[in-house]
Amino acid sequence: MEVEIGSREAVWNGILINLGFAPQLIDGEVSLHALDLEKNLDPLLCEPPLVFPTNQVIIIDPGHGGHNVGTQSVLDGRFEKDLTLDLAQRLKPLLEEEGWNVYLTRIDDSDVSLPDRVAFSDEHKGALFISLHFNSAAPDENQAGLETYCLTPTGEPSTVTRNYADPLNDNLPDNAFDPENLQLAVRIHTALLHATAMEDRGVRRARFIGVLRGQNRPAILVEDGYLSNPEEAKKIEDPEYRQKLAETLAAALKPGSGVK
Ligand SMILES: [Zn+2]
């Protein structure tokens, strides 16, 4: 783990993660906030790693759907909702081959509310939840790269707040899985970066993501590149690339593997 005095960005095994508080130099020693030790260092440095037993249920959530089209490709206006559904449908059989029982929160172009996606996860007794998205910084065409989100631990400020108040002391259902959320996010983020050589925009913490807050299981949201960036949009629109993303996700979620 590499940390920098005064910066919340830290590097863990070559990937960017975000601390809640910037490390400080106190009496000549690098000091980290106790919550960062507990919520960010412990889950990564200490056993046990996240291990997936076989025959468990995984919920895959293709972002958006129906009237909620998500973002759009800068190249041809193609909708995020169609690309996330395609990626989820490629991922499902691959995960099934690995022994997961897979449920998608939508299997067609329907607009499923965020609370319904969480309720669906409970109904199907999901052991894990992964929401798939593609990003946009339109009209900025330069921004590119991978972002992986999980819920902010109680007591820490988020990396990204948008217009959300970000109440630090909220203890949300998914906060029961703070260590597993980070382990899952880091594992998926690392695998995708290695497979695609996308720019690393980091594992990020947020409270505004409605599909994560109420989850009763480890849950993450992956922003698999920018549809507002012409180069990345071209890749994302290539079915072979989406297949590669699906294969990478399935490999990273292999049951029994104890890799941190
Ligand atoms: Zn989205």
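Since the structure is predicted, the reported quantities are computational estimates derived from the model, not experimental observations. (Residues numbered from 1 in each chain as written. Predicted model: local features only at pLDDT ≥ 70, side-chain atom pairs only at ≥ 80, totals over all residues. Heavy atoms only, no water.)

### Re the overall build of the chain
Part 1 of the argument: For the chain, the count of helices and strands is seven helices and eleven strands.
Part 2 of the argument: The C-alpha atoms of the chain give 18 Å as radius of gyration, which agrees with the globular expectation for 260 residues (18 Å, within 12%).
Part 3 of the argument: Along the first, second and third principal axes, the C-alpha atoms of the chain reach 55 × 45 × 35 Å.
Part 4 of the argument: Residue burial in the chain is summarised as follows: out of 260 residues, 53% are buried.
Part 5 of the argument: Residue pairs in contact within the chain that sit at least 24 positions apart in sequence constitute 76% of those at least 6 positions apart. (Helix = DSSP H or I, 4+ residues; strand = E, 2+ residues; numbered from the N terminus. Rg over C-alpha atoms; globule rule 2.2 N^0.38 Å. Buried < 20%, exposed > 50% of the residue type's maximum accessible area, 1.4 Å probe, protein only. Contact = heavy atoms within 4.5 Å.)

### Considerations on the pattern of salt bridges
Part 1 of the argument: Applying the stated criterion across every chain, the model contains 13 salt bridges.
Part 2 of the argument: Two residues, Arg 90 and Asp 86, come together in a salt bridge whose shortest N-O distance is 2.6 Å. With a gap of four residues between them, Arg 90 and Asp 86 both fall in helix H2 (residues 80–97), about one helical turn apart.
Part 3 of the argument: For Lys 92, the salt bridge goes to Glu 96, with nearest N and O atoms at 2.9 Å. Of the two residues, Lys 92 and Glu 96 are both situated in helix H2; the distance of four residues between them amounts to about one turn of the helix.
Part 4 of the argument: Given a relative accessible area of 27%, Lys 92 falls into the partly exposed group.
Part 5 of the argument: It is possible to trace a salt-bridge network through shared partners that takes in Glu 38, Lys 39 and Asp 178. (Salt bridge = Lys/Arg side-chain N within 4 Å of Asp/Glu carboxyl O.)

### What to know about the nonpolar core
Part 1 of the argument: In this structure, Ile 58, Ile 60, Leu 95, Ile 188 and Leu 253 are the most contacted members of the largest nonpolar core, which totals 46 residues.
Part 2 of the argument: In terms of residues, this core owes the most to one element, helix H4 (residues 178–196), which gives seven residues.
Part 3 of the argument: Among the nonpolar cores identified, the runner-up in size contains 13 residues, and Ile 59, Phe 120, Phe 208 and Leu 212 belong to it. (Core = buried A, V, L, I, M, F, W, Y, C linked by side-chain atoms within 4.5 Å.)

### Some remarks on the layout of surface pockets
Part 1 of the argument: One number sums up the size of the largest pocket: a volume of about 380 Å³.
Part 2 of the argument: Those elements that provide at least two residues to the lining of the largest pocket are helix H3 (114–123), strand E8 (128–135), strand E9 (146–151), helix H5 (210–213) and strand E11 (219–226).
Part 3 of the argument: The element contributing the most residues to the lining of the largest pocket is E8, with four residues.
Part 4 of the argument: Grouping the constituent residues of the lining of the largest pocket by class yields eight nonpolar, eleven polar and seven charged. (1 Å grid on protein atoms, 1.4 Å probe; cavity = no way out; pocket = protein on both sides within 12 Å on 5 of 7 lines; lining within 4 Å. Points joined across faces, edges and corners; volume = space filled by probe spheres on them. Nonpolar A, V, L, I, M, F, W, Y, C, P; charged D, E, K, R; others polar.)

### A closer look at the coordination of the zinc ion
Part 1 of the argument: Only His 64 (NE2), Glu 80 (OE) and His 133 (ND1) from the protein coordinate the zinc ion, and they sit 2.0 to 2.1 Å from it.
Part 2 of the argument: Sequence spacing of the donor residues for the zinc ion, all on one chain, is H-x15-E-x52-H. Here His 64 is found in the loop between strand E6 (57–62) and H2, whereas its partner Glu 80 is found in helix H2, with 16 residues between them in sequence. The two residues His 64 and Glu 80 agree in class, both being buried. (Donors = N, O, S within 2.8 Å, 3.2 Å for Na, K, Ca; no water.)

### Regarding helix H1 (residues 34–45)
Part 1 of the argument: Burial in H1 covers these residues: Leu 35, Asp 36, Lys 39, Asn 40, Leu 41, Pro 43 and Leu 44. End-on view of H1: buried residues confined to an arc of 170°, all on one side of the axis.
Part 2 of the argument: Looking at the buried positions of H1, the neighbouring elements they touch are strand E2 (9–12), strand E3 (15–18), H4 and strand E10 (200–206). (Arc of directions from axis to C-beta.)

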